Amino acid sequence: MLLRFSLEADLIFNAAIPPEAEPVIEEKVTEANTVLFLRGVPRDAAEGEYGQITSWDVQENRLCLRIESGPYTRSHDALLRFRKQIAPVMGKLRLGVRGIDIRHFSIRLGDDVEESCIPRLPFISSVEVDEAGCELTLAMDLADLENKTPDRLINLIEEKAENAAYGGKGEHWELLFESKKRTGAYSGNPTEDMVARGWIRHGASRGQWIFAPQAVQLVRALEQIAIEEIIRPLGWKEMIFPKLVTWDVWKNSGHAKGVYPEIYYVCTPKSRDPAYWEEVTDYYKVTGDVPIEMIRDRIDGPIGGMCYAQCPPFWPFVKGETLAQDCLPIRVFDRSGTSHRYESGGIHGIERVDEFHRIEVLWLGTKEQTIAVADELHEAYARVFEEILELEWRRAKVTPWFMAQEGLVGVSETERVGTTDYEAYLPYNGSYLEFQNVSINGNKYPKGFNVKVQSGEECWSGCSGIGLERWVAAFLGQKGFDMADWPENVARLVGEPEEVFRFL
Ligand code: SER
Ligand code: ZN
């Protein structure tokens, strides 16, 4: 991506700059252009690729600079370096830098960047497109430059360009393994049949089900298989992760980059004084309508959202810590509550819902440990699907969930880092249902939450989400409701369906 920065900025001093300061400035500009700005620049970088003060001028108390650069020692970075360098020498002349005025700041991009990849942000005051590419004029002040906002903006444009280039290829999906075909007698829609049998009913909220005892027997039996056949024997210990996730967690996990369209947002009352809420309660009592707008005025936030990916709210437990060698690899799991996603038009049966139940399995250690644990887990899952549940299933390498949830496409650049989806065949519609995943997340989470291991090696982590509704859908979708067709052990664990309700 062609990248050129052009910056005009004034260093503002506390008093007029005297003529005798000019040779000193000239000397410092030359020194900056030939030494200071070359620091960290690759040896083979061509002239023009790194920052240079191309002109300067004194106007009363202002030193007006023009700084041009390519991708290295970018103009804004050069400006900050130069300020630091010139301050002590001007100080000797009793001149102090009082501020910096950004008069003009623009970025030129090559024609390989589509206009649609330029974000609409308050910092971008104009975008001009011509044959050579486009030019962004930025409205940024010193604080924005110090905050590296220009670099983040470039990263974002690069990310959008990569996404656009990849988007045409569709979702990443690569088959890794396929079990043998198993044809059963059943080819019905398991959700419809569960509803017909009174096992489940729609909840009051969208994409939400109420599970009757018969359905829970199956859910708990499958959960028990996961725990007793896979999780406990491999040494996982249970934890309880929070289910309300605040922005700081999602900033560290990366979710703050992309999860907004699917969050169930959480707000807090501005006051818990009943008098503050009296108008709302009175309105409801008189009209029978809950006054949403009146409530909106009386709440703060959103402070975050309901549990989405399940593992991020674990990480504050280890944030900033160094883990002792003898406790690694750490293996923990959580099954303490629901996950929530606003699926919009995507809701489908019990397979795709807004509220779901999942066992989240999480591990961390060195790179080797993390990979080895994932391999063990894959083996255990395969055994359960083959020998206990007797499913028709397959494995595929897909876009890592942590990238997808940040709005990215494609695959990870690091070998072994990524997500493997487990998919089960659904005879009723001939499609495959993704019913769980296993991911090696590399150093992403340890880095995001600043977690280290004693040996000084890089800390890695992995996680695996076992979607209980999806296990149910996969199992019933293939085996149906006649327990005589079920693997004996599963039938025994589930027991005869207990009917509690009879409706008149
Ligand atoms: N955290 C992972 C996900 O959201 C596994 O559950 O997919
Ligand atoms: Zn996870």
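Residues numbered from 1 in each chain as written. Chains lettered and ligands numbered in written order. Predicted model: local features only at pLDDT ≥ 70, side-chain atom pairs only at ≥ 80, totals over all residues. Heavy atoms only, no water.

## Let's talk about the overall build of the chain
Item 1. When helices and strands are tallied, the chain shows 14 helices and 22 strands.
Item 2. On C-alpha atoms alone, the chain measures out to a radius of gyration of 30 Å, which is more than a quarter above the 23 Å that the 2.2 N^0.38 rule sets for 504 residues.
Item 3. Taken along its principal axes, the extent of the C-alpha atoms in the chain is 100 × 65 × 50 Å.
Item 4. Burial analysis of the chain (504 residues in total) assigns 48% to the buried set.
Item 5. Across the chain, every contact between residues at least 6 apart in sequence was considered, and the portion connecting residues at least 24 apart equals 73%.
Item 6. For the chain, the accessible area works out to roughly 25400 Å², and carbon and sulfur atoms hold 50% of it.
Item 7. Where the 56 positive side-chain charges of the chain centre and where its 80 negative ones centre are 4 Å apart. (Helix = DSSP H or I, 4+ residues; strand = E, 2+ residues; numbered from the N terminus. Rg over C-alpha atoms; globule rule 2.2 N^0.38 Å. Buried < 20%, exposed > 50% of the residue type's maximum accessible area, 1.4 Å probe, protein only. Contact = heavy atoms within 4.5 Å. Areas by Shrake-Rupley, 256 points an atom, 1.4 Å probe, with all protein chains shown as cover. Lys, Arg positive; Asp, Glu negative; His and termini not counted. Charge placed at Lys NZ, Arg CZ, Asp CG, Glu CD.)

## As for the nonpolar core
Item 1. Residues Val 361, Phe 385, Leu 389 and Trp 471 are the most contacted members of the largest nonpolar core, which totals 88 residues.
Item 2. Setting aside chain neighbours within four positions, we find Phe 385 in contact with Arg 182, Glu 390, Leu 391, Trp 393, Tyr 422, Phe 435, Gln 436 and Trp 471.
Item 3. Counting 44 residues, the second largest nonpolar core, distinct from the first, contains Phe 13, Ala 78, Cys 117 and Ile 157. (Core = buried A, V, L, I, M, F, W, Y, C linked by side-chain atoms within 4.5 Å.)

## A look at the coordination of the zinc ion (ligand 2)
Item 1. The coordination sphere of the zinc ion (ligand 2), as far as protein atoms go, consists of Cys 311 (SG), Glu 360 (OE) and Cys 463 (SG), spread over 1.9 to 2.3 Å.
Item 2. Around the zinc ion (ligand 2) sit four donor atoms, and with donor-metal-donor angles ranging over 100 to 117° the site reads as tetrahedral.
Item 3. Each donor residue of the zinc ion (ligand 2) belongs to the same chain, with the gaps between them written as C-x48-E-x102-C. Of this pair, Cys 311 sits in the loop between strand 13 (299-306) and strand 14 (322-323) while Glu 360 sits in strand 17 (residues 355-366), and the two are 49 residues apart along the sequence. (Donors = N, O, S within 2.8 Å, 3.2 Å for Na, K, Ca; no water. Tetrahedral: all angles 85-135°; square planar, octahedral: opposite > 155°, others 65-115°.)

## Quick word on the packing of helix 1 (residues 22-34) against helix 2 (residues 75-91)
Item 1. At a minimum axis separation of 11 Å, helix 1 and helix 2 run at an interaxial angle of 150°. On the basis of their axis angle, the class for helix 1 and helix 2 is roughly antiparallel. In the packing of helix 1 onto helix 2, the handedness of the crossing is right-handed. Residues Val 24, Ile 25, Lys 28, Val 29, Glu 31 and Ala 32 of helix 1 form the contact with helix 2, whose own contacting residues are Phe 82, Gln 85, Ile 86, Val 89 and Met 90. (Axes fitted to C-alpha atoms, helices over the stretch in contact; angles between N-to-C directions. Parallel < 35°, antiparallel > 145°, perpendicular 65-115°, else oblique. Left-handed = near helix turned anticlockwise from the far one by under 90°.)

## Some details on helix 1
Item 1. Here helix 1 contains 13 residues, and its C-alpha end-to-end distance of 18 Å stays within 8% of the 18 Å for a straight helix at 1.5 Å per residue.
Item 2. Buried within helix 1 are the following residues: Ile 25, Lys 28, Val 29, Ala 32 and Asn 33. Projected down its long axis, helix 1 carries its buried residues within an arc of 135°, all on one side. Seen from the buried face of helix 1, the exposed residues on the opposite side, beyond 90 degrees, are Pro 23 and Glu 27.
Item 3. Of the surrounding secondary structure, the elements contacted by the buried residues of helix 1 are strand 2 (52-59), strand 3 (62-69) and helix 2. (Expected span 1.5 Å × (residues − 1). Arc of directions from axis to C-beta.)

## Structural notes on the pattern of salt bridges
Item 1. For the coordinates displayed, the defined rule picks out 30 salt bridges.
Item 2. Salt-bridge contacts for Arg 62 lead to Asp 10; the nearest nitrogen and oxygen are separated by 2.7 Å. With Arg 62 in strand 3 and Asp 10 in strand 1 (residues 3-13), the pair connects residues that are 52 residues apart, well separated along the chain.
Item 3. Given a relative accessible area of 24%, Arg 62 falls into the partly exposed group. (Salt bridge = Lys/Arg side-chain N within 4 Å of Asp/Glu carboxyl O.)

## Let's talk about the packing of aromatic side chains
Item 1. The tally for this structure, following the rule as stated, stands at 28 aromatic pairs.
Item 2. Relative to Tyr 265, the ring of Trp 247 lies with its centre 6.3 Å away and its plane at 50°, an arrangement referred to as tilted. Taken together, the residues Trp 247 in helix 7 (residues 247-253) and Tyr 265 in strand 12 (residues 265-269) connect sequence positions 18 residues apart.
Item 3. Here the aromatic rings of Phe 435 and Trp 471 are separated by 6.5 Å at their centres, their planes lie at 65°, and the arrangement is edge-to-face. Placement of the pair is Phe 435 in strand 20 (residues 431-442) and Trp 471 in helix 13 (residues 468-479), with a sequence separation of 36 residues.
Item 4. The exposure class of Trp 471 is buried, given its relative accessible area of 2%. (Phe/Tyr/Trp six-rings, centres within 6.5 Å; stacked < 30°, edge-to-face > 60°.)

## Considerations on the site of ligand 1
Item 1. Ligand 1 sits among Ala 309, Cys 311, Arg 341, Arg 358, Glu 360, Trp 401, Gln 405, Asn 437, Cys 463 and Gly 465.
Item 2. Between ligand 1 and Arg 358 there is a distance of 3.2 Å, counted from an oxygen atom to a side-chain nitrogen or oxygen.
Item 3. Take Glu 360: an N or O atom from its side chain is 2.5 Å from an oxygen atom of ligand 1.
Item 4. Elements with a minimum of two residues in the shell around ligand 1: strand 17 and strand 22 (459-467).
Item 5. Each residue belonging to the shell around ligand 1 can be placed in one class, and the counts come to four nonpolar, three polar and three charged. (Near = heavy atom within 4 Å. Polar contact = N/O pair within 3.5 Å; in protein donor to acceptor, adjacent residues only side chain to side chain. Nonpolar A, V, L, I, M, F, W, Y, C, P; charged D, E, K, R; others polar.)

## Details of the pairing of strand 4 (residues 97-110)
Item 1. The sheet contact formed by strand 1 and strand 4 spans 11 bridges and is antiparallel. Among the inter-strand pairings, Phe 5 is bridged to a residue of strand 4, identified as Ile 107.
Item 2. The pairing of strand 4 with strand 6 (residues 133-138) spans five bridges and is antiparallel. Paired with Ile 107 across the bridge in strand 6 is Leu 136. (Pairing = 2+ DSSP bridges.)

## Details of the sheet that holds strand 13
Item 1. Spatially, three strands are ordered 11-13-12 in an open sheet, and the strand pairing comes out antiparallel. Strands at the two margins of the open sheet, each flanked by one partner only, are strand 11 (244-246) and strand 12. Geometrically, the sheet is characterised by an average inter-axis angle of 50° between neighbouring strands, direction not taken into account.
Item 2. With three bridges connecting them, strand 11 and strand 13 associate as antiparallel partners. Residue pairing across strands places Thr 246 opposite Gly 304, the latter belonging to strand 13.

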